[in-house]
Amino acid sequence: MKRRIALTTLVVADYDAAIAWYTGKLGFVLLQDVALGDGKRWVVVGPGDSGDAALLLAEPGDAAQRARIGDQTGGRVDHFLYTDDFARDHAAMLAHGVEFLESPRAEPYGTVAVFRDLYGTKWDLLEPKQ
């Protein structure tokens, strides 16, 4: 059996606001949105088709989960969005109002800049060196 990491959970305050942000500002695709009952939904968004890694958006179930929105990793970068054209995607994200916390920089592993999503979660936009 071939194995891969398919989903990672991202706790969000509101399903619809998160869907709008990720699809509108990052150009992600809504892959699944299934009602589970009691207001819960199975919501999956990702940068490409369903064969790529994606995010499972989850509203908090309690106060402890709610407190982690925007800071699931204690202030570290949480997610890494790889691109084959940093300049193109950086410009598009800026045009859509994405907040970058720094200017693009060259690192030994590639070109990178940190940005925040609508809840403050830190991401790297990264074009890896080949």
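Along each chain, residue indices are assigned from 1 in the same order as the chain's sequence is written. Two thresholds apply to this predicted model, a pLDDT of at least 70 for residue-level local features and 80 or more for giving and counting side-chain atom pairs, whereas whole-chain, interface and lining totals are computed over all residues. Water and hydrogen atoms play no part in the side-chain values, which are based on all heavy atoms of the structure.

A.B. asks: Tell me about helix α3 (residues 86-95), residues and numbers included.
C.D. replies: Because an α-helix packs 3.6 residues into every turn, residues spaced three or four apart end up facing the same way. Looking only at α3, the buried set comprises Phe86, His90 and Met93. Down the axis of α3, the smallest arc covering the buried residues is 65 degrees, so these residues share one side. Away from its buried face, by an angle of more than 90 degrees, α3 presents the exposed residues Ala87 and Ala95. Residues of α3 that are buried sit in contact with α1 (15-25), β6 (99-100), β8 (110-116) and β9 (122-128). For this analysis, a polar contact is any N or O atom pair within 3.5 Å, provided that within protein one partner can donate a hydrogen and the other can accept it, and provided that sequence-adjacent residues contribute only side-chain to side-chain pairs. A run of DSSP states H or I qualifies as a helix once it reaches four residues; a run of E qualifies as a strand once it reaches two. Both are numbered from the N-terminal end. The N-cap residue of α3 is Asp85: its side-chain oxygen and the backbone nitrogen of Ala87 are 3.4 Å apart. Only protein chains enter the calculation, and the probe is 1.4 Å; a residue is then buried if its accessible area is under 20% of its type maximum, exposed if over 50%, and partly exposed in between. What the arc describes is the spread of directions from the helix axis to the C-beta atoms. Throughout, a contact is declared for two residues whenever any of their heavy atoms are within 4.5 Å.

A.B. asks: Hey, could you go over the layout of surface pockets for me, with residue numbers and the actual values?
C.D. replies: Empty space within the largest pocket amounts to approximately 250 Å³. Lining the largest pocket are 18 residues, and of these Ala53, Ala54, Leu55, Phe80 and Trp123 lie nearest its centre. Within the residue set of the lining of the largest pocket, elements represented by two or more residues are β1 (7-11), β3 (40-46), β4 (54-58) and β5 (79-82). At four residues, the largest contribution of residues to the lining of the largest pocket is made by β5. Three categories are distinguished: nonpolar for Ala, Val, Leu, Ile, Met, Phe, Trp, Tyr, Cys and Pro, charged for Asp, Glu, Lys and Arg, and polar for the others, with Gly belonging to the last. Looking at the lining of the largest pocket, its residues break down into 13 nonpolar, three polar and two charged. Estimated volume of the second largest pocket: approximately 200 Å³. Of the grid points, spaced at 1 Å and generated over the protein atoms alone, those admitting a 1.4 Å probe that cannot get out make up cavities, while open sets with protein on both sides within 12 Å along at least five of seven lines make up pockets; any residue with an atom within 4 Å of a point is treated as lining. Forming the walls of the second largest pocket are 16 residues, and the residues nearest its centre are Leu26, Gly27, Leu81, Asp89 and Met93. Elements that contribute at least two residues to the lining of the second largest pocket include exactly α1, β5 and α3. If one sorts the elements of the lining of the second largest pocket by residue count, α3 sits on top with four residues. Grid points are joined across faces, edges and corners, and a volume is the space filled by probe spheres set on the points.

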